[in-house]
Structure formats: structure tokens, C-alpha cells
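# Working through the structure, step by step
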Amino acid sequence: MKKWYAVIGDPIAQSMSPSMHEAWFEENGMDATYIPIQVKSDRLREAVEGLKNLGCSGWNVTVPHKSAIIPFLNQLDPSAERMNAVNTVRVLEDGSLIGYNTDGNGFVRSLEEAYGTLCKGKKVLVIGAGGAARGIAFALQSAGYGPLFFTNRTLEKAEQLAADLTDSTALSMVEAELSLSGFGLVVQTTSVGMNYAQKGMPLNPENVYEGTIVADIIYNPLETEFLTEAHKRGANILNGVGMFVHQGALAFETWTDVRPRTEIMIEKITTTLGG
Ligand code: ATR
């Protein structure tokens, strides 16, 4: 019987996940489909019951349900537990629901697909201290990157995050800007520079060192002002398309045990976004 998968969120119409997963199912000759479903926050419990009862094999979870869905799941993978957020649900044979979070590892895979392990052993600066920063930081550390440094508009949150990880330090924005040349990898995880959020840069990349990898998890626009300015100074840049594709690929693998092709998908999505 045809299997079906979904992504739930609100809003959801703009999601690029359905076309990505549909393409992977087709490419791999799988009889499956993937649909976007808009779920209002006050209907999340019913939606999860519905997905389960209607035989959904697995689904992705996006804003605003990533943490709210946790009470309705049976088990959390450590990736979701440490982030207190789920972006992928797998349904087991007996109907139990396991929550995963593939965002952090998606970032690491995207980094390594683009630049190998060039920045391993070098200092890493994470800008931001929200959910995305947390997931990326844990994944980077698990993959052997670090030492890690955090900077954030609200310094206390960076300090909290640094306290939750080993070998990590919080820096004020000014300290981070002044010491920028000492990092092998800089990862921008805030919403600053996103098309529909706010323009501008979270910090001044003036002191970035030539050859440093500067990543921004934003993919709309494809190149944030932060990346443009870092590029002008000789940095190797990476936008958020790769992380988006790889978090999806890891979800796909979780459900099907098949590793889908990512490079072509990154090109396709880049074109869709005007690149
Ligand atoms: P996400 O899950 O995308 O990480 P989040 O948990 O709400 O979202 O975290 C948002 C991050 O973007 C935070 O680090 C936030 O900084 P604060 O902790 O100071 O709020 C950062 N951020 C959002 N808007 C910002 C702005 N205008 N300037 C600087 N940082 C901003």
C-alpha cells in the first residue's frame, strides 16, 4: 500500500519540504507521498491522533509546534531531548511515536559537504543562543568540533548555553567582534537578516579572517548581508539551503533507511529561491 508522510505547521503553504521529499521518493522508486498539513496550535493533540489513526508513516514538524508536540509522543531521541524540540516523528509498527531533531546534524552535514572537515580543531563562534544555536552546537560538539564560543544579544542566554555544553565560553557581542579573526568557523543562527524579519547584521564581520568559514542558517535571502560582508573580506561562505536539505535528508533516512541525494536538491532549491 502507498505510504504517506506529512509536514505539520502553521503557516505551512510556503514549505519546500513536500516537493523535496516527493522528488526523493520518485528518485528512489518508492510508492509514497508527502503532504503539507496546516495545524492550528489548539488542535495539535487531535492532529497527532489523526495522523496516527490515518496511518501516516512519519512526519516533519515545523513552527510553532516543535516543542508543543513533545507531550504527545512516546519517546524522544537524544537529539530531540537536548534541544527540547522535535522536527521529525517516526511511527513504529506498534503505533508508538518517536521524536527526533535533525536540524543540528543537518547543519554539520551541510558544512562537511561544502568544506569537508577544514575547520575541525579550530575555534567555533555561534551567534545566537536560541533553539537553532543549541541544536547546532550540540551536533558540532558531537562531531568533534570546538572549542565553542557563544555570543548573543541577551548575554545571559549565551552564558546558559555555554554552561550546558563542555568546553564552551560565552562572549559579549563586542568581545566576539574584536576576536573574530581567531575563529575557523562562525555560525549565524539568529533571525537577523531574514527577508520577513529584520534587515541588518547581528554583529560586524569586519575582523573576519580570510579563509574562515562563515555560515548563516538563513536561506531567504540566499545571501544575507552578513554573508555578503564576510565574503568581501575573503571568508568562505555557506548559506542555509544545505542545512534545510540535510535536515530533510536525515528525516528521510530515519523513515526509509535510504540516504537521498542532496547536492542536486541544494542546486534545485537554490534555483527556486532565485539563485
Ligand atoms: P530559533 O529556534 O530560530 O533559534 P529562538 O529560540 O527564538 O529561535 O532564538 C532566536 C535567536 O535570535 C536568539 O538568539 C535571539 O536573541 P535573544 O536571545 O537576545 O532574543 C536572536 N535574535 C532575534 N532577533 C534578534 C535581533 N533583532 N537582534 C539580535 N538577535 C536577535
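Residues numbered from 1 in each chain as written. Predicted model: local features only at pLDDT ≥ 70, side-chain atom pairs only at ≥ 80, totals over all residues. Heavy atoms only, no water.

### Here's the deal with the overall build of the protein chain
Cut-off, in case you're wondering: Here a strand is any run of E in DSSP of at least two residues, a helix any run of H or I of at least four, and the numbering for each starts at the N terminus. Residue burial is assigned from relative accessible area. The probe radius is 1.4 Å, only protein chains are included, and a residue is buried under 20% of its type maximum, exposed over 50%, and partly exposed in between. Here a residue-residue contact requires only that any non-hydrogen atoms of the pair lie within 4.5 Å. Exposure was quantified through the Shrake-Rupley algorithm and a 1.4 Å probe, taking into account, for residues, occlusion by the shown protein chains and nothing else.
Along the protein chain, the regular secondary structure elements total 10 helices and 12 strands. Taking the principal axes of its C-alpha atoms as reference, the protein chain extends roughly 55 × 35 × 35 Å. Considering the protein chain as a whole, with its 275 residues, one finds that 50% of them fall into the buried category. By sequence separation, contacts in the protein chain at least 24 residues apart represent 66% of the contacts at least 6 residues apart. On the protein chain, roughly 12,700 Å² of surface is accessible, and the fraction owed to carbon and sulfur atoms is 49%.

### A closer look at helix α2 (residues 44-53)
We apply this condition: The directions from the helix axis to the C-beta atoms are what the arc is built from.
All of the buried residues in α2 are L44, A47, V48 and L51. Buried residues in α2, looked at end-on, bunch into an arc of 100°, giving them a common side. Turned more than 90 degrees away from the buried face of α2 sit R45 and N53, all of them exposed. Next to the buried residues of α2 lie β1 (3-9), β2 (32-38), β3 (58-61) and β6 (97-100). Count one or two residues on from α2 and you reach G55, which has phi positive near 80°.

### Some thoughts on the packing of helix α1 (residues 17-27) against helix α10 (residues 263-272)
Worth spelling out the cut-off: What counts as an axis is a line fitted to C-alpha atoms, over the stretch in contact for a helix, and the angles between N-to-C directions run from 0 to 180 degrees. By definition, any crossing whose near helix is turned counterclockwise from its far helix by less than a right angle is left-handed, and any crossing with a clockwise turn is right-handed. Residues are sorted three ways: Asp, Glu, Lys and Arg are charged, Ala, Val, Leu, Ile, Met, Phe, Trp, Tyr, Cys and Pro are nonpolar, and all the rest, Gly among them, are polar.
Where α1 meets α10, the axes come as close as 11 Å, and the angle between the chain directions of the two elements is 145°. Crossing of α1 against α10: the hand is right-handed. Every residue of α10 that contacts α1 at M20, A23 and W24 is listed here: M265, K268 and I269. Tallied by class, residues from the contact of α1 with α10 come to 5 nonpolar, no polar and 1 charged.

### As for the sheet that holds strand β7 (residues 124-127)
Test applied: Two strands pair if DSSP finds at least two bridges between them.
If you walk across this open sheet you meet the 6 strands as β9-β8-β7-β10-β11-β12, and the pairing is parallel. Each edge of the sheet is formed by a strand with only one pairing partner; in this case those strands are β9 (168-171) and β12 (236-238). Ignoring which end each strand starts from, the neighbouring axes of this sheet average 20° apart. Contacting β7, β10 (185-188), β11 (213-216) and β12, helix α8 (residues 225-232) runs over the sheet at an angle of about 170° to β11.

### Observations concerning the site of the ligand
For clarity, the cut-off: Distances are taken per atom, and a residue is near a molecule or strand as soon as one of its heavy atoms is within 4 Å of it. Distance and chemistry together define a polar contact, namely a pair of N or O atoms within 3.5 Å, with one atom able to donate a hydrogen and the other to accept it when in protein, and with adjacent residues in sequence counting only for side-chain atoms on both sides.
With respect to spatial proximity, 13 residues lie near the ligand, and among them A132, N152, R153, T154 and K157 are the closest. Between the ligand and A129, the relevant distance is 2.9 Å, taken from an oxygen atom to a main-chain nitrogen or oxygen of the residue. Here an oxygen atom of the ligand and a side-chain polar atom of T154 are 2.4 Å apart. When the ligand sits alone it has 640 Å² of accessible area, and the protein chains cover 65% of it. Tallied by class, residues from the shell around the ligand come to 3 nonpolar, 8 polar and 2 charged.

### Quick notes on the packing of aromatic side chains
Put simply, the test is: Aromatic contacts are taken between Phe, Tyr and Trp rings whose centres are within 6.5 Å, Trp giving its six-membered ring; a plane angle under 30 degrees counts as stacked, one over 60 as edge-to-face, and the others as tilted. Two conditions define a charge located above a ring, namely a distance within 6 Å from the ring centre to NZ of Lys or CZ of Arg, and an angle within 35 degrees of the ring normal.
All told, the structure shown has 7 aromatic pairs when counted by the stated rule. Summarising the aromatic geometry, the rings of Y5 and W255 are spaced 4.9 Å apart at their centres and angled 35° between planes, so their arrangement reads as tilted. Residue Y5 is located in strand β1, and its partner W255 is located in helix α9 (residues 241-256); the two are separated by 250 residues in the primary sequence. Y5 sits in the buried class, given a relative accessible area of 3%. W255 sits in the buried class, given a relative accessible area of 10%. Taken together, a centroid distance of 5.4 Å and an interplanar angle of 45° make the contact between Y219 and F244 tilted. Taken as a pair, Y219 in the loop between β11 and α8 and F244 in helix α9 lie far apart in primary sequence, 25 residues in all. Here Y219 falls in the partly exposed class, since its relative accessible area comes to 27%. What makes F244 buried here is its relative accessible area of 10%. Counting every residue linked through ring pairs, the aromatic cluster contains Y5, W24, F25, Y34, F252 and W255. The residue whose ring lies beneath K120 is Y145, and the NZ or CZ to ring-centre distance is 5.2 Å.

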